Amino acid sequence: MRQWGRTEGSGQGPDGGPDGPRRRTDLRLVPAALLVWGASVAGLWLPASALAVLCFVMVVAAAWMIYRMGRRGLYTGSFLATGAVALLLAAATAAHSSAGAVHRFDGPVAEAAATRRTAVALVEVCGLPRALAGPGAAADRSAEERSGAGAAATPEPVPAGRWAVPVRTRELTAGGTLIRTRALLLVTGGGEWGAVVPGQVFRVTGTLRPADPGRPEAGVLAASSMMPLAGPGTGLQATVLQGAARDLRARFVTAAAFLPTDARGLLPGMVTGDTTALDSGLEGAMQLVGMTHLTAVSGANCSLVLGALLFACRWARLPRAPAAGAALAGLGLFVVLVGPDASVLRAALMGAVAATSLAGGRTGRGLSFLCLAVMGLLFANPALGSSFGFVLSVLATLGIILLGRGIVDGTPRWVPRWVAALVAVPLSAQLLCGPVIVLLQPQFATYSLLANVVAAPLVAPVTLLGTAAVPLVAVAPWPAALLIGVAGTFCGAVAAVARGAAGLPGASLPWPEGPAGMVTMMLLSAFMYGLLAAILRPAVMVGLAVRAHRRTERLLELVEHVLSAKDRSCGAGPKRGHGRLEYPTALSGRNPRWPLRKNAQPVRRHRTRLPGATPPRPPSSWSAARKTILPPGRWIVSEPKSGPRTRKSRLPG
């Protein structure tokens, strides 16, 4: 099958060395991922009727592409095949999104939410609770969820505040009408909601109101009372695993209580995503220098855990397929432990695809794995398309895949590759995530790259040792305390880096808000990448500049040729033999000469009268006129300068 794409790196061999044939980046899944993402976002804003029209259009376009492929006899390895598959996947995602659009825009649930009636609902918890702070907690929660800073936040210990919990309705009674539907609602309530786990079933009473535009929920239910249900079909069997994970997270927080203040609050955040014990001063310092991603379990944690599991399986000399299966099982338990957040699910699904390809002997397709993970998650949950945490996770991974390898390969040979990778990973992620981050926080973290580079070697020991200590706190407390102590030491160093960088002058600079800030940050990222490429590979940049200059010349020549041909075809250009040279006449009263003579006769000189001079006297007689002597027997024509009169005389004889 013919692949269409671009070259990845410069002279990269199959083994990653610098002296091999170029490897091409497979771009065939990129259109499909973009179309699926666009369909998921459209499902949050368009009503069900508009989504039905959109699905019909995409299916018709896919059918036309398949028909054209049949006419040409090409069913694989062509652009039409890729486009047809992409359109069908996008249509399926839009059809899935229409189920939620029915509840958001019309139907009994939307009517009940629009009237803000009191409702009694039988709901099933389908996500982890998130803490709200104060009366404006809804906005705070939205910003926290979009930024991904509160990813995989755990409910233990429960503070005396309000919580937001996503639920699925089984029954809803509003205005005396019983509605049996599976609509997505957001329940807000007191501290008792902080201890719920996915799968539990409650009977809730509260006020139902509409959700914000663009949100996946059909409404927001402000709970005034809750009653847990027990018995068959209440989801208690499904919550055993989540309850065990909640227990382990609570035990881990308790086991880390002997550490210093910064390490005590930061270690649970870096390992399980629990930031309830994080010091507010340290949290502000990490936000100031762009290190909040360390307190949210994301793709980096999943990658480290999956890599450690694969290394252990290979060290135990397990075959390729059993090693991949064991690594995937361990990764699944890790996801259950930290919670199914968007970035965690993306990284876990991408790791699962990578492990499966490793078992089949196909590696080195990072962009394809990322596209598969994005399409799988958006098809399962189209609401992730509008999550800023999911967007940042995908952009960070994309930057590492597309830019990281080139930065590492462009470093001088005397720089160790691990040092180059240490700088390339945060730099490439920051270049792509920066334009989105300024939408959430309009400021420029001056020392963000420096702080992340210094803290990068400290993250791996914290993640691996802390994750290994979580299951040991229940069965072997002393070995777990030893691992927690070592991981806490590295956590203290990370906290010191964050506080030190935040204390430097100019640590945070103001930046424009909204689309203007996004565009300027994109320009700054492009400039920084170009500057880095010019420093690392000056010869390559000079060659690119020369080739760009030549292409620009050819383009200008082509444009000139097209314009001249158009003028000739329209008759607007000068005809052959009828050209005329023109010049401007606004010359401040001067009387210049013609640029060219019209014929071969001598040009008369015109005297310019000086200011205040007397006019010249006319000639005294006609003899002063210029005479032309003709052959005998002919006339003499005298032409005076002062007038058109002539005098004729006959020659004697």
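Just so we're clear, the structure is a prediction, and the values are computed from it rather than from any experiment.

**Q** Could you clarify how one ought to interpret the environment of P382 in this entry?
**A** The residue P382 is located in the loop between helix 12 (366-380) and helix 13 (388-410) in this model. Residue classification places P382 among the buried positions, given a relative accessible area of 10%. Excluding residues that lie within four positions of it along the chain, P382 makes contacts with S40, T93, H96 and S97.

**Q** Before we go on, may I ask you to explain the packing of helix 7 (residues 261-271) against helix 16 (residues 477-502) in this structure?
**A** Two quantities define a packed helix pair, namely the angle between the axes and the distance from one axis to the other. Following both chains from N to C, one finds helix 7 and helix 16 inclined at 105°, their axes separated by 8 Å at the closest point. When the interaxial angle is binned, helix 7 and helix 16 end up roughly perpendicular. On the side of helix 7, the interface is formed by D262, A263, L266, L267 and M270, while helix 16 contributes I484, A487, G488, C491, G492, V494, A495 and R499. Here the residues of the contact of helix 7 with helix 16 are counted per class, giving 9 nonpolar, 2 polar and 2 charged.

**Q** Before we go on, may I ask you to explain the pattern of salt bridges in this structure?
**A** Pairing between side chains of opposite charge can happen when their charged atoms approach one another. All chains considered together, the criterion is met by 6 salt bridges. With its nearest N and O atoms 3.0 Å apart, the salt bridge here joins D262 to R499. Here D262, found in helix 7, pairs with R499, found in helix 16; they are 237 residues apart in sequence, far enough to count as distant. The partner of R499 in a salt bridge is D279, with the nearest N and O atoms 3.1 Å apart. One end of the pair, R499, is in helix 16; the other, D279, is in the loop between helix 7 and helix 8 (280-288), and 220 residues separate them in sequence. Among the residues examined, R499 registers a relative accessible area of 36% and is labelled partly exposed. The structure contains a network of salt bridges with shared partners spanning E124, R170 and R182.

**Q** Would you take a moment to explain the packing of aromatic side chains for this structure?
**A** Given two aromatic rings, their pairing is described by the distance between the two centres and the angle made by the two planes. Taken as a whole and assessed by the stated rule, the structure comprises 3 aromatic pairs. Where W37 meets F390, the ring centres are 5.4 Å apart and the plane angle is 55°; that geometry is what we call tilted. With a gap of 353 residues between them, W37 in helix 1 (residues 30-45) and F390 in helix 13 connect regions that are remote in the sequence. As far as burial versus exposure is concerned, W37 and F390 are alike and both buried.

**Q** What is the right way to read helix 12 from this model?
**A** Structurally, the α-helix is built with 3.6 residues per turn, so residues lying three or four positions apart point the same way. Between its first and last C-alpha atoms helix 12 spans 21 Å; for 15 residues at 1.5 Å apiece the expected length is 21 Å, and the two agree. Turning to helix 12, its buried residues number three or more, namely L367, S368, F369, L370, C371, A373, V374, M375, L377 and L378.

**Q** I would appreciate a short explanation of the confidence of the model for the protein chain in the present structure.
**A** As a note on interpretation, predicted positions should not be read in detail where pLDDT is low. Counting all residues, the mean pLDDT for the protein chain is 75, and 73% of those residues have values of 70 or more. Confidence scores differ between elements of the protein chain, with helix 5 (residues 137-147) showing the lowest mean pLDDT of 39 and helix 16 the highest of 90. Across residues 134-159, where pLDDT falls below 50, the model places 66 contacts with residues more than four positions away in sequence or in other chains. Contacts for the low-pLDDT stretch residues 622-627, under 50 throughout, to residues beyond four places or in other chains number 12 contacts.

Rules used throughout
- Residues numbered from 1 in each chain as written.
- Predicted model: local features only at pLDDT ≥ 70, side-chain atom pairs only at ≥ 80, totals over all residues.
- Heavy atoms only, no water.
- Helix = DSSP H or I, 4+ residues; strand = E, 2+ residues; numbered from the N terminus.
- Buried < 20%, exposed > 50% of the residue type's maximum accessible area, 1.4 Å probe, protein only.
- Contact = heavy atoms within 4.5 Å.
- Axes fitted to C-alpha atoms, helices over the stretch in contact; angles between N-to-C directions.
- Parallel < 35°, antiparallel > 145°, perpendicular 65-115°, else oblique.
- Nonpolar A, V, L, I, M, F, W, Y, C, P; charged D, E, K, R; others polar.
- Salt bridge = Lys/Arg side-chain N within 4 Å of Asp/Glu carboxyl O.
- Phe/Tyr/Trp six-rings, centres within 6.5 Å; stacked < 30°, edge-to-face > 60°.
- Expected span 1.5 Å × (residues − 1).
- pLDDT = per-residue confidence, 0-100.

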